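# Chains, contacts and geometry: an overview
Chain residues, written in single-letter form:
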There are 2 protein chains.
Amino acid sequence: MDKELKNIFIHHVYFWLKNADSKTDRDKLVDGLKKLSSVKTIQNFHIGKPADTNREVIETGYAVSWFVQFANGADQASYQTDPIHLKFIEECSHVWSKVIVYDSVDV
Amino acid sequence: MDKELKNIFIHHVYFWLKNADSKTDRDKLVDGLKKLSSVKTIQNFHIGKPADTNREVIETGYAVSWFVQFANGADQASYQTDPIHLKFIEECSHVWSKVIVYDSVDV
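What counts, and where the lines are drawn
Residues numbered from 1 in each chain as written. Chains lettered and ligands numbered in written order. Predicted model: local features only at pLDDT ≥ 70, side-chain atom pairs only at ≥ 80, totals over all residues. Heavy atoms only, no water. Least-squares fit on C-alpha atoms with pLDDT ≥ 70 in both. Contact = heavy atoms within 4.5 Å. Axes fitted to C-alpha atoms, helices over the stretch in contact; angles between N-to-C directions. Helix = DSSP H or I, 4+ residues; strand = E, 2+ residues; numbered from the N terminus. Parallel < 35°, antiparallel > 145°, perpendicular 65-115°, else oblique. Nonpolar A, V, L, I, M, F, W, Y, C, P; charged D, E, K, R; others polar. Salt bridge = Lys/Arg side-chain N within 4 Å of Asp/Glu carboxyl O. Buried < 20%, exposed > 50% of the residue type's maximum accessible area, 1.4 Å probe, protein only. Buried area = accessible area lost by both parts, 1.4 Å probe. Polar contact = N/O pair within 3.5 Å; in protein donor to acceptor, adjacent residues only side chain to side chain. Pairing = 2+ DSSP bridges. Phe/Tyr/Trp six-rings, centres within 6.5 Å; stacked < 30°, edge-to-face > 60°.

An unreviewed UniProt entry lists chain A under the name Dabb family protein, with Lacibacter sediminis given as the organism.

In structure tokens form, the structure reads like this:
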């Protein structure tokens, strides 16, 4: 089986919390992402937290990782304005202090 | 079909090139990653470049995205010391100026 993912659009978001140690806030964000995952154009998703790896090049300060695989940029663009996404932002944006997004397509 | 990826270890690396506009150096890195993908514990991988999205929260300065899915942290740890990985670093590390790694596991 070919292990290479191709013809996809990877949208990977890392969230930092205002209250970094608040389990309540992290749970709220995770619950929001679970609801957000119902957007139809999402092919695959993963809700993560930092692993216990620790080298100089590893960023470990974020609280939640949100990995989403789309078929293409158009699907990602429609996700940005999907009512489910807008509701997620409305309900959850008060818990995060910083967001970094990496959007990647095939080389 | 459930779209949620679970029980996985995501290792996502972003590379910045010393010579940001060098197609030769980017190709060298991409070729190196293709060889690196033969490490047996890799379940899935994607070699990417920044999409053409452009909002304030989006990081677009990197040259190459290297997404790897492992079954668990032990497989990721063994990858770090795999001879194929060490050879990749030996052959390619001179082309990059910065690397950021995000290792994520299920929340």
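### Quick word on the relation of the copies chain B and chain A
When chain B is fitted onto chain A, the two copies agree to an RMSD of 0.0 Å after a turn of 180 degrees and an axial shift of 0.0 Å. Seen this way, the second copy is the image of the first under a two-fold rotation axis. In terms of proximity to the rotation axis, the leading residue of chain B is His-12 of chain B, whose C-alpha is 4.6 Å off the axis. Mapped onto chain A, 100% of the interface residues of chain B are again interface residues, and the two copies thus contact each other with one and the same surface.

### Overview of the packing of helix H2 (residues 73-81) of chain B against helix H3 (residues 83-92) of chain B
Two quantities define a packed helix pair, namely the angle between the helix axes and the distance between the axes. All names here are of chain B. It is at 5 Å that the axes of H2 and H3 come closest, and there the two elements cross at 50 degrees. In this view, H2 runs oblique relative to H3, as classed from their interaxial angle. Residues Tyr-79, Gln-80 and Thr-81 of H2 touch H3, and the partners they reach there are Pro-83, His-85 and Leu-86. Looking at the contact of H2 with H3 residue by residue, the class counts come to 3 nonpolar, 3 polar and no charged.

### Side note on the pattern of salt bridges
Using the criterion set out here, one finds 8 salt bridges over all chains in the structure. Lys-6 of chain A serves as the salt-bridge partner of Glu-4 of chain A, at 3.9 Å between the closest nitrogen and oxygen. The exposure class assigned to Glu-4 of chain A is partly exposed, which follows from its relative accessible area of 21%. Glu-91 of chain B is the partner of Lys-87 of chain B in a salt bridge, and the nearest nitrogen-oxygen pair spans 2.9 Å. A residue pair is termed a helical-turn pair when its members lie 3 or 4 positions apart in one helix, as Lys-87 of chain B and Glu-91 of chain B do in helix H3 at 4 residues. For Lys-87 of chain B, a relative accessible area of 47% translates into the label partly exposed.

### A word on the interface of chain B and chain A
The interface of chain B with chain A comprises 45 residues on the first partner and 45 residues on the second. Counting the surface lost from both chain B and chain A, the interface buries some 3,900 Å², and carbon and sulfur atoms represent 58% of this. By the criterion of area lost to chain A, the three top residues of chain B are Lys-3, Tyr-102 and Val-107 of chain B, representing 20% of everything that side buries. At the surface where chain B touches chain A, the tally comes to 33 residue pairs in polar contact (both at pLDDT 80 or more). Contributing elements (two or more residues each) for the side of chain B that touches chain A: strand E1 (9-17), helix H1 (23-36), strand E2 (44-50), strand E3 (64-70), H2 and strand E4 (96-106) of chain B. Per element, the largest residue contribution to the side of chain B that touches chain A is 8 residues, and it comes from E4 of chain B. A per-class count over the side of chain B that touches chain A returns 23 nonpolar, 13 polar and 9 charged. In the sheet, strand E4 (residues 96-106) of chain A pairs with E2 of chain B via 3 bridges, with the strands oriented antiparallel. Bridge pairing links Val-105 of chain A to Lys-49 of chain B in E2 of chain B.

### Structural notes on the environment of Lys-98 of chain A
Residue and element names in this part refer to chain A. Positionally, Lys-98 belongs in strand E4. For Lys-98, a relative accessible area of 39% gives the class partly exposed. For the pair Lys-98 and Tyr-14, spaced 84 residues apart in sequence, the C-alpha separation works out to 8.2 Å. Contact partners of Lys-98, with chain neighbours within four places excluded, come to Tyr-14, Phe-15 and Trp-16.

### Section: the packing of aromatic side chains
Under the definition given, this model contains 24 aromatic pairs over all chains. A ring pair is formed by Phe-67 of chain A and Phe-67 of chain B, whose centres lie 4.7 Å apart and whose planes are at 10 degrees; its orientation type is stacked. One end of the pair, Phe-67 of chain A, is in strand E3 (residues 64-70); the other, Phe-67 of chain B, is in strand E3, on a second chain. With respect to burial, Phe-67 of chain A and Phe-67 of chain B carry one shared label: buried.

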